[in-house]
Amino acid sequence: MNRLPIIAFAILLLAITSCGSDDIYEEYTNWRNANVEWYDAQAALLDENGNSFYTTLRPTWYAGSGVLIHYFNDRNSTLGNLSPLITSTVDVKYIGRLYDDTVFDSSYTNTTYGDSIYRCLVSDNINGWQVALLNMRVGDSVRVVIPYDQAYGSSSTGSILPYSMLQFDIKLVDIYRYELPNS
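These numbers were taken from a predicted model, which means no experiment stands behind them. (Residues numbered from 1 in each chain as written. Predicted model: local features only at pLDDT ≥ 70, side-chain atom pairs only at ≥ 80, totals over all residues. Heavy atoms only, no water.)

1. Side note on the layout of surface pockets
Consideration 1: If you add up the space inside the largest pocket, you get close to 170 Å³.
Consideration 2: In the lining of the largest pocket, the residues fall into eight nonpolar, two polar and two charged. (1 Å grid on protein atoms, 1.4 Å probe; cavity = no way out; pocket = protein on both sides within 12 Å on 5 of 7 lines; lining within 4 Å. Points joined across faces, edges and corners; volume = space filled by probe spheres on them. Nonpolar A, V, L, I, M, F, W, Y, C, P; charged D, E, K, R; others polar.)

2. Focus: the pattern of salt bridges
Consideration 1: According to the stated counting rule, one finds seven salt bridges in the structure shown.
Consideration 2: Across the pair Asp169 and Arg97 runs a salt bridge, and its minimum N-O distance is 3.1 Å. Within this pair, whereas Asp169 is found in strand E7 (residues 166-177), its partner Arg97 is found in strand E3 (residues 89-98), the two being separated by 72 residues in sequence. By the burial criterion, Asp169 is buried, and Arg97 matches it.
Consideration 3: Members of the salt-bridge network, linked through shared partners, are Arg97, Asp101, Arg143 and Asp169. (Salt bridge = Lys/Arg side-chain N within 4 Å of Asp/Glu carboxyl O. Helix = DSSP H or I, 4+ residues; strand = E, 2+ residues; numbered from the N terminus. Buried < 20%, exposed > 50% of the residue type's maximum accessible area, 1.4 Å probe, protein only.)

3. Considering helix H3 (residues 127-134)
Consideration 1: Within H3, six of the eight residues are buried, leaving the element largely enclosed by the surrounding structure.
Consideration 2: All of the buried residues along H3 are Gly128, Trp129, Gln130, Val131, Ala132 and Leu133.
Consideration 3: In this structure, the buried residues of H3 make contact with strand E1 (55-57), strand E2 (67-71), E3, strand E5 (118-121), strand E6 (141-146) and E7. (Contact = heavy atoms within 4.5 Å.)

4. Focus on the pairing of E6
Where a strand is regular, its side chains alternate between the two sheet faces.
Consideration 1: Along E6, five of the six residues are buried, which leaves the element largely enclosed by surrounding structure.
Consideration 2: Pairing analysis gives four bridges linking E2 to E6, with the strands arranged antiparallel. If you follow Tyr71 over to E6, its bridge partner there is Val142.
Consideration 3: Bridge count for E6 against E7 is six bridges, and the pairing is antiparallel. By the bridge assignment for E7, Val144 is matched with Phe168. (Pairing = 2+ DSSP bridges.)

5. Structural notes on the nonpolar core
Consideration 1: Judged by nonpolar contacts, the single largest core of 31 residues is most densely connected at Trp129, Leu133, Phe168 and Ile170.
Consideration 2: Going through the elements one at a time, E2, E3, H3, E6 and E7 are the ones with two or more residues in this core.
Consideration 3: If you tally residues by element for this core, the top one is E7, at five residues.
Consideration 4: When residues no more than four places from it in sequence are discounted, the contact partners of Trp129 are Val92, Tyr94, Tyr118, Ile146, Phe168 and Ile170.
Consideration 5: Counting residues in each nonpolar core, the second largest holds six residues, with Tyr39, Leu68, Val145 and Met165 among its members. (Core = buried A, V, L, I, M, F, W, Y, C linked by side-chain atoms within 4.5 Å.)

If you want it as structure tokens, here you go:
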């Protein structure tokens, strides 16, 4: 059987899809630049004492990553509380915003699991959320700024355009199911 037509089709498909991503990259140049500028401004933000407002989290399992996180609560007050595992199911409250402060999602319209609770498996979320949740304890409230490559990248979803940096205010209310990974 001659596989040449199949290989030629695969090469053509690869060329078409890679050209499409360049088009998207160019199409969203202004949006991307505005998001990057906003992210850089957030990373440089100082608190009232002149210290960095955010801490950069770079997990060992995703070395190229880096989400910004700011804890609103005193972490000493949650010191003995559990932190979720990647396999845990958590209950959180959150509001998600774009760089221009447009709200694109919120658990505060949800009543399925109780007042404003979003219940999810940690591993079912975008990478930026996973990084944040794994560094939180039950009771922590944070602001997380997520670079687009740890959110939806060059894809869009709903009102989130490609190359969108995302900001979330998240409260880890509870760990509904704390499961250890299978050995």
